[in-house]
Amino acid sequence: MRHIIGILMENESGALSRVAGLFSARGYNIESLTVAPTDDPTLSRLTLVTSGSDEIVEQIVKQLNKLVDVVKLMDLTEYRHIEREMMMVKLRVGRDDRDEVKRLTDIFRGRIIDVSAATYVVELTGDSAKLDAFIEALRPFEVLEVVRSGVMGIARGDVALKI
Amino acid sequence: MRLSGGVRAPTLTTFTVAGDQTVELTGAEIFVRCLQEEGVDLIFGYPGGAVLHIYDALYKQDKVAHILVRHEQGAIHAAEGYAKSTDKPGVALVTSGPGATNAITGIADAYMDSVPLVVFTGQVPTHLIGNDAFQEVDTVGITRPCVKHNFLVKNVKELATVIKKAFYVATSGRPGPVVVDIPKDVTAHKAEFSYPKTIRMRSYNPTIKGHSGQIRKAIDLILTARQPIIYTGGGVILGRASKSLTDFTRLLGYPITNTLMGLGGYPATDKLNVGMLGMHGTYEANMAMHHADLVIAIGARFDDRVTGNIEKFCPYARIVHVDVDPSSISKNVKVDVPIVGQVDNVLKAMIKEIKADPRKPDAEALKAWWKQINEWRAMDCLKYDRESKLIKPQHVIESLWKATKGDAFVTSDVGQHQMWAAQFYRFDKPNRWINSGGLGTMGFGLPAAMGVQLAHPGATVACITGEASIQMCIQELSTCLQYQLPIKVVNLNNRYMGMVRQWQEFFYQGRYAMSYMDALPDFVMLAEAYGHVGMRIENPGDVEGALKEALKLKDRLVFMDFITDQSENVYPMIPAGAGQNEMILV
Ligand SMILES: Cc1cc2nc3c(=O)[nH]c(=O)nc-3n(C[C@H](O)[C@H](O)[C@H](O)COP(=O)(O)OP(=O)(O)OC[C@H]3O[C@@H](n4cnc5c(N)ncnc54)[C@H](O)[C@@H]3O)c2cc1C
Ligand SMILES: Cc1ncc(C[n+]2csc(CCOP(=O)(O)OP(=O)(O)O)c2C)c(N)n1
Ligand SMILES: [Mg+2]
C-alpha cells in the first residue's frame, strides 16, 4: 500500500542523505521525497511517499525513527490528511493551440505564469492524480518540460506534527 | 605492560591566567581535554598529517595513553575488544583518507555487533573539503551506512559538544559506533573550553523501561506455557543483564539457549542451559526451539544464522521479544508480545511480577518438557573422535577450557575454529567471549585480544584463530611486542579455509576452489621474528602439555601452531534453507 510519511528532522547538513541512504541500503521504495526548513530554522520537514506491505512500512517507520537526527514522524496515511503537489509544465504552443491550452488550464484551475512567442509555462497544484490527469490532457500538445515538486502532506484538524 | 613510549614533556595542566579568565584552547587541546573528562584512559590509533595537531596535544599530557597499532583496522578491532570486555566504550583515532578507509571494516564490524565505539577521523582543512585534496575522502558519506551516527565538526566551538554527543549516542540505547570527522584547521583554531556535564538531544531518546501492560501480557504467556524456551543474545551482554537473566531463568526453571553473541550471558555449565542455537548450535537447543510453545527472546535479533528457513521457524510458538531497539522487533519474525526497553530493567520488572503472581509454572508440563529435551541431549551432538591420531580442533579448545579453568578471555577469528570455540569453550561469565558475529570479519581476533589484554592486564587472554584469518591482521604481532601483551594465540592450522572447504564439501561436490591455504609461512619462525615465542604442536598427546607450558609464560606472547585434522567439519549443522529440526548430525 502507498504511505505518506511526514518527518521532522534536525536541519543539519547531510540529513537528507541519511534518509535517502537508508532507503537505498534497505531496498525500500521512494516514490517522492520533499524537504525544506520549517518556520523553526533548526528543523526540516520532509514528506516521503513510499509503498510496501504492512510489515515493510512498519520497518520503514522504525528505521526512520532510529535515525539519530529524526525528531518526530507521522504516517499521515493513518489520519485524515491533505496531499498537495505542485507542477510546472512548459509547452510549445502554436497560434492555434493557445486557446485550447488556456481552456484546459482553467478547467484544472492552473495558471499560465510565463508566456513567450512560442511557449507557455503552466503552474498547477493538486494531488498527484490531478497532476497526472493534466499531463494526460496535454497529450495533443508538445510538452517541453515537466517539473514536479513531489508530494507534501499535512494532517487535517487538530492533529499536528510538531515538537 | 608498558603503555608509554618516548620521552614526555611536562603535562599541560594550567589553562587559566590572572583574573581567572579561561584561556582559549586549540581544537587539539580541547579534544584531549574532552577525552580526559570522559574518563578515557586508553585510545588506539595511527598518526597522519590531518591529525598531527592532535598527536602533539596527546604527547603533551599523560592521562590518556595511546596504543600505536600497525594498521587502522587493528585499531578499531582493538577498541572493540576493549569495549566488549569492559563497560566502557572503545576509542580510536585515525588520519584522513587511507586512515579512515582502513578503519571502515572495523567500524562496520562494530555496527553489526552493536559495539559502543567513538572513532575520530582526521579530515582535510575545511576550506579544502570537496576539492579532492590530498588524502581527502568523504568519511561521513562512506561511513554513514555502517555507523549509529556520525558528525563532521566544522567549527571548533562545536567540538566539545559534538564529542559529548558522540559518547552519549555510542553508549546509550542500542550501542554502536559513532564517527567524529575533524578537519585539521579545526584542531588548530581556538575556542573556550567547557565540557557539558550532561547532554539532551530532542531527536534521540532511547527507551529504558518496558511498558508495564506489555510486561503483564508477557507474564501471562510465561506462566501458562507448557514447552517454553528462553532465547537470549548479545543484548544481555551489552546490557549487563546476566545477573538478572540468571535470576529470571532459575526462578522459572525453563531451558535457556544463547546465540553466538549471547554466550556467557547465562552460565554454560548450568544444566538449564541447552547450549548455543542456530546453524552450528546444539541439537537440543534447535529442537527445543522448534517444538516450543513459547519463545522468550531477550536481546536477540532473530538473525538468519539462528532462524534457518524463516518459513519453518518455531511453528508452534508464541513469541515474547524484549529489545531496546524497536526495529529489531518483528523485523524477521512477527512476534506476539513486543517489549521495548533495556533488558536489565525489563527482566527485573518481570522477576518482580512473577514473584508476586499466584500462578506458578506448570510443574507437570515442565517435567515432561525437560524429559523430552534430555532425550535430545542424549544424542550428544558435539561428540568427536577422541582416539584420532591427528589433533582434533575440538580437543584443543576443550583442553584450553580446562587449562584456563574456564576463566580466560577468549577472542576469535572467523571460520570453523570460531564455531568450535563457541561450542567447546564453555563460558560461565559474560564479556569473556569476544568475537565477530554479524559481519564475520576475519582478522578480528588478534587485535581484539590486544584491546582485551590492555583492559585486563593480569588476565589470561587467548586468541583462537585459523591460519587464514590470522594472516589478515598478523602485523599486530608487532604491536603486541611493543606493549608486551602476553596473548596466547591458538592457531588451529588445518591448511584450509576450513569453513569454506566445509561448504564446498557439502554443497559443491568437493570442488575446493581456492580454499586450500598454500605457501603458508612457518608460524613458529614468524612469531619469533616478531619477538615472541612460537610452538608447533603436531600430536594429540602434546596438546595439554603445550597449553600448560604456554600459559606458564605469563609475560610472553605465545603463538601455538596446532596442526589439526584437515578434514574435520563443524557439526551439527542446519544447512541453508532448512528448518531448525533438520540438522545434519555427525
Ligand atoms: C561463521 C559464522 C557462523 C555463525 N553461526 C551462528 C550460529 O550457529 N548461531 C548463532 O546464534 N549465531 C551464529 N553466528 C552469528 C550471527 O551471524 C549473528 O551475529 C548472531 O546470531 C546475532 O546474535 P544476537 O541475536 O544475539 O544479536 P546481536 O547482534 O548481539 O544483537 C543484540 C540485540 O540485542 C539488542 N540490545 C542491545 N543492547 C540491549 C539492551 N541493553 N537491552 C535490550 N536489548 C538490547 C539489540 O538491539 C539487538 O537486537 C555466526 C556467525 C559467523 C561469522
Ligand atoms: C574478511 C573476510 N573475508 C572472507 C571471509 C569468508 N570466510 C569465512 S570463514 C573463511 C575461512 C577461514 O579460514 P581459517 O581462518 O583458516 O579458519 P578455519 O575455518 O579453517 O578454522 C572465509 C574465507 C570472511 N569471513 N572475512
Ligand atoms: Mg584454516
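Higher on the page you've got the structure.
Analysis parameters
- Residues numbered from 1 in each chain as written.
- Chains lettered and ligands numbered in written order.
- Predicted model: local features only at pLDDT ≥ 70, side-chain atom pairs only at ≥ 80, totals over all residues.
- Heavy atoms only, no water.
- Helix = DSSP H or I, 4+ residues; strand = E, 2+ residues; numbered from the N terminus.
- Buried < 20%, exposed > 50% of the residue type's maximum accessible area, 1.4 Å probe, protein only.
- Near = heavy atom within 4 Å.
- Polar contact = N/O pair within 3.5 Å; in protein donor to acceptor, adjacent residues only side chain to side chain.
- Areas by Shrake-Rupley, 256 points an atom, 1.4 Å probe, with all protein chains shown as cover.
- Contact = heavy atoms within 4.5 Å.
- Buried area = accessible area lost by both parts, 1.4 Å probe.
- Salt bridge = Lys/Arg side-chain N within 4 Å of Asp/Glu carboxyl O.

**Q** Could you give an account of unusual backbone geometry, with specific residues and numbers?
**A** Residues and elements named next belong to chain B. With an omega of -10°, the peptide bond between Tyr571 and Pro572 qualifies as cis. One non-glycine residue with positive phi stands out, namely Asp380, at about 50°. Unusually for a residue other than glycine, Gln484 sits at a positive phi of about 50°. Following the sequence through the fold, Gln484 ends up in the loop between helix 18 (476–482) and strand 20 (488–493). You can call Gln484 partly exposed: its relative accessible area is 39%.

**Q** Go over the site of ligand 2 with me, naming the residues and quoting the values.
**A** All names here are of chain B. Near ligand 2 lie 17 residues; those nearest to it are Gln416, His417, Gly440, Ser469 and Gly498. A distance of 3.0 Å separates an oxygen atom of ligand 2 from a polar atom in the side chain of Asn494. Its free accessible area being 590 Å², ligand 2 has 77% of it covered by the protein chains. Elements with a minimum of two residues in the shell around ligand 2: helix 16 (416–424) and helix 19 (498–507). Here the shell around ligand 2 takes three residues from helix 19, the largest share from any one element.

**Q** Let's hear about the interface of chain A and chain B: which residues, and what values?
**A** Listed as interface residues are 18 residues of chain A and, on the opposing side, 19 residues of chain B. Buried area between chain A and chain B, summed over both chains or domains, comes out near 1600 Å², and the portion from carbon and sulfur atoms is 44%. Looking at the side of chain A facing chain B, the largest losses of area belong to Arg18(A), Lys66(A) and Val68(A), adding up to 40% of the total buried there. Along the contact surface separating chain A from chain B lie three salt bridges. The partner of Lys66(A) in a salt bridge is Asp325(B), with the nearest N and O atoms 2.7 Å apart. Connecting chain A to chain B are eleven residue pairs in polar contact (both at pLDDT 80 or more). Residue assignment for the side of chain A that touches chain B shows that the elements contributing at least two residues are helix 1 (15–26), helix 2 (54–66) and strand 4 (70–75) of chain A. With five residues, the single largest contributor to the side of chain A that touches chain B is helix 2 of chain A.

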